Amino acid sequence: MKNSDQIKMEILQLTKEYYQTKRNEESSQEFESHRIDYAGRVYDENEMVNLMDSSLEFWLTSGRYTKQFEKQFARFLGVKHCYTCNSGSSANLLAFMSLTSPLLKDRRILPGDEVITVAAGFPTTVAPIIQYGAVPVFVDITLPEYNINCAQLNEALSEKTKAVMIAHTLGNPFDLGELKKWCVENQLWLIEDNCDALGSKYYIDGEWKLTGTIGDIGTSSFYPPHHMTMGEGGAVYTNNHLLSKIIQSLRDWGRDCYCPSGMDNTCCNRFNGQHGQLPFGYDHKYVYSHFGYNLKITDMQAAIGCAQLEKLESFISARINNWNYLREQLQPLSDVLLLPEPTENSEPSWFGFLIGVKENVGFTRDDIVGYLEEHRVQTRMLFAGNLIMHPCFDTMREEQEGFRQIGNLSNTNFAMNQSFWIGVYPGMTEGKLDYMIEVINQFVQAARF
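Residues numbered from 1 in each chain as written. Predicted model: local features only at pLDDT ≥ 70, side-chain atom pairs only at ≥ 80, totals over all residues. Heavy atoms only, no water.

Caption draft 1: Structural view of the pattern of salt bridges. Summed over the entire model, instances satisfying the criterion amount to 16 salt bridges. Note that D394 is salt-bridged to R397, the shortest N-O span being 2.7 Å. Linking D394 with R397, this pair stays in helix 12 (residues 394-399), spanning 3 residues, or about one helical turn. Residue class for D394 comes out partly exposed when judged on its relative accessible area of 29%. Via salt bridges that share partners, K8, D53, E57 and R64 belong to a single interconnected network. (Salt bridge = Lys/Arg side-chain N within 4 Å of Asp/Glu carboxyl O. Helix = DSSP H or I, 4+ residues; strand = E, 2+ residues; numbered from the N terminus. Buried < 20%, exposed > 50% of the residue type's maximum accessible area, 1.4 Å probe, protein only.)

This is the structure in structure tokens:
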């Protein structure tokens, strides 16, 4: 009679065979019969085997795969502390809320304090600021980098400013040299939303560093379109020990105890401490130093992430190569299209290829996007475009309170009205790239005449 280990090995072997059979079936289909997606999952049998292995253990919550992923991901980034969570949006929530902790004393962000950011981006970079009762201060972006305009920082600064929280747009790092220096000079926290830029590098202080590791806190997303995936999932990372302690507490219900799930009394002081106004010796596993959440991932997600990490370097290389190919081939259209440029002193790990339609060229962004979509090329806007123009801001905008903006945000409005992007993810073949280039050229040539 077979034992459980033997049965498990058979299941894992069948999982490999299932993947290989399904892949062969799918690869026989011509891509021309399908839409060219802007992004997608890239995986093989290793992710499926890890997922099956984890599910058979049936631990379900965070466990051994989670520990392995956090350790390996921290090593890849070169950071001291890394905590997984259930999404990139939750990672941004944890990053921001950690800066509201009483443990930070006079550097703590309080309701009414200001946080500098941009409106040209994804809403969950800004949502935690507003939900907490702090005030976002929106500055414009530069073109064609589509990142924060550091020339407006001093104008945005006030006695209430406590932090800067912004994303690296579509993998293109913002000017970390200027911004980090300015934050240090003004004693401000810097949160890098690194969800679209995993693997991007920036040259600072005489060395190349990965984005997300240069500010005080970095965040990542593992949603399927991103550089690697767990399906859902995210991570928060830092080199600051105190911030690390706060982030872990907030992620794990706000508790003061740092024992992993299923473990007790790792500090050997579980029943002999005084905490707040509680009775002396109250069980430390149920002492709460923050108003927190439960934002952990499952071990099944982490199992997928461990396999994806092994492919991450190749994913990054593919994105860079695909972006460079599009940039070279579309250069002849630069008289009508505003093509993207990497930030100085950076090596982006691109999330997408951003295209702007210049003024008075005989067609609009909506015209070319409509043509691409009709020809099975999936497109995306630069997320919110201008976040403050969305319905969630209607009341705040009408009452002119709850946020500030610097200038007229003209470049942000250009992003909203005249830009879009197409994919460069690792699943793009040269044939798919050539097809997108062909369709764009067809449209522009027809519009010229």
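Caption draft 2: A look at the environment of C392. Relative to the helices and strands, C392 is located in the loop between helix 11 (365-374) and helix 12. In the structure, C392 is positioned 269 residues away from P123 in sequence and 10.0 Å away in space, judged by C-alpha atoms.

Caption draft 3: Representation of the environment of N3. Take N3: it is sitting in the segment before helix 1 (4-27). Sequence-wise, N3 and I130 are 127 residues apart; in three dimensions their C-alpha atoms are separated by 55 Å. Polar side-chain contacts of N3 include one of 3.1 Å to the backbone nitrogen of D5. (Polar contact = N/O pair within 3.5 Å; in protein donor to acceptor, adjacent residues only side chain to side chain.)

Caption draft 4: Looking closely at helix 11. Those residues of helix 11 that fall on the buried side of the exposure criterion are R365, I368, V369 and L372. Viewed along the axis of helix 11, the buried residues span an arc of 100°, placing them on a single side of the element. Exposed and facing more than 90 degrees away from the buried side of helix 11 are D366 and E374. Tucked inside the fold, the buried residues of helix 11 contact strand 14 (352-357), helix 13 (410-418), strand 16 (419-423) and helix 14 (430-448). Two or three places before D366, at the opening of helix 11, T364 has a side-chain oxygen 3.3 Å from that residue's backbone nitrogen. (Arc of directions from axis to C-beta. Contact = heavy atoms within 4.5 Å.)

Caption draft 5: Summary view of the layout of surface pockets. In this structure, the second largest pocket spans a volume of roughly 540 Å³. Lining of the second largest pocket is provided by 32 residues; of these, F122, C195, D196, H226 and F383 occupy positions nearest its centre. Ranked by residues supplied to the lining of the second largest pocket, first place goes to helix 4 (residues 88-98) with 3 residues. A class-by-class count of the residues in the lining of the second largest pocket yields 15 nonpolar, 13 polar and 4 charged. (1 Å grid on protein atoms, 1.4 Å probe; cavity = no way out; pocket = protein on both sides within 12 Å on 5 of 7 lines; lining within 4 Å. Points joined across faces, edges and corners; volume = space filled by probe spheres on them. Nonpolar A, V, L, I, M, F, W, Y, C, P; charged D, E, K, R; others polar.)

Caption draft 6: Structural view of the side chain of H168. Residue position: H168 is located in the loop between strand 6 (161-167) and helix 7 (176-185). A polar side-chain atom of H168 sits 2.8 Å from a polar atom in the side chain of E192. Setting aside anything within four residues of it in sequence, one finds H168 in contact with N147, P173, F174, L176, E192, D193, N194, D196, A197, T211 and G212.

Caption draft 7: Just the packing of helix 3 (residues 64-77) against helix 9 (residues 299-309), in detail. Running from N to C, helix 3 and helix 9 cross one another at 35°; their axes reach a closest spacing of 8 Å. Here the hand of the crossing between helix 3 and helix 9 comes out left-handed. Each of R64, Y65, T66, Q68, F69, Q72 and F73 in helix 3 lies in contact with helix 9, whose residues at this interface are D299, A302, A303, G305, C306 and L309. Classifying every residue of the contact of helix 3 with helix 9 by side-chain character gives 7 nonpolar, 4 polar and 2 charged. (Axes fitted to C-alpha atoms, helices over the stretch in contact; angles between N-to-C directions. Left-handed = near helix turned anticlockwise from the far one by under 90°.)

Caption draft 8: Expanded view of the packing of aromatic side chains. One pass over the full model with this rule turns up 18 aromatic pairs. When the ring of Y38 is compared with that of W421, the centres are 5.2 Å apart and the planes differ by 85°; the resulting orientation is edge-to-face. Note that Y38 is positioned in the loop between helix 1 and helix 2 (45-57) and W421 in strand 16, a separation of 383 residues in sequence. Of the two residues, Y38 and W421, both sit in the buried class. Between the aromatic rings of F96 and Y132, the centroid separation amounts to 5.8 Å while the plane-to-plane angle is 70°, which identifies the pairing as edge-to-face. Placement of the pair is F96 in helix 4 and Y132 in helix 5 (residues 127-132), with a sequence separation of 36 residues. Three or more aromatic residues joined by ring pairs form one cluster here, namely Y38, F122, F351, F383 and W421. For the cation-ring pair, R64 lies above Y65, with the distance from its terminal atom to the ring centre recorded as 4.3 Å. Above the plane of the ring of W189 lies R107, whose end atom (NZ or CZ) is 3.8 Å from the centre. (Phe/Tyr/Trp six-rings, centres within 6.5 Å; stacked < 30°, edge-to-face > 60°. Lys NZ or Arg CZ within 6 Å of the ring centre and 35° of its normal.)

Caption draft 9: The arrangement of helix 8 (residues 241-251) in detail. By the criterion of burial, helix 8 is predominantly enclosed, with 8 of the 11 residues buried. What helix 8 keeps buried is the set L243, S244, I246, I247, Q248, S249, L250 and R251. Along its buried surface, helix 8 packs onto helix 3, strand 1 (81-85), helix 4, strand 7 (189-193), strand 10 (217-221) and strand 11 (234-238). Its side-chain oxygen placed 3.0 Å from the backbone nitrogen of L242, N240 serves as the N-cap of helix 8. Among the residues trailing helix 8, W253 stands out with phi positive, at a value near 70°.

Caption draft 10: Looking closely at the sheet that holds strand 14. Reading across from one edge, 12-14-16 is the order of the 3 strands in this open sheet, with antiparallel pairing throughout. Every other strand in the sheet has two partners, leaving strand 12 (337-338) and strand 16 as the edge strands with one partner each. As paired elements, strand 14 and strand 16 share 5 bridges and run antiparallel to each other. Following the sheet pairing, F353 is matched in strand 16 by I422. (Pairing = 2+ DSSP bridges.)

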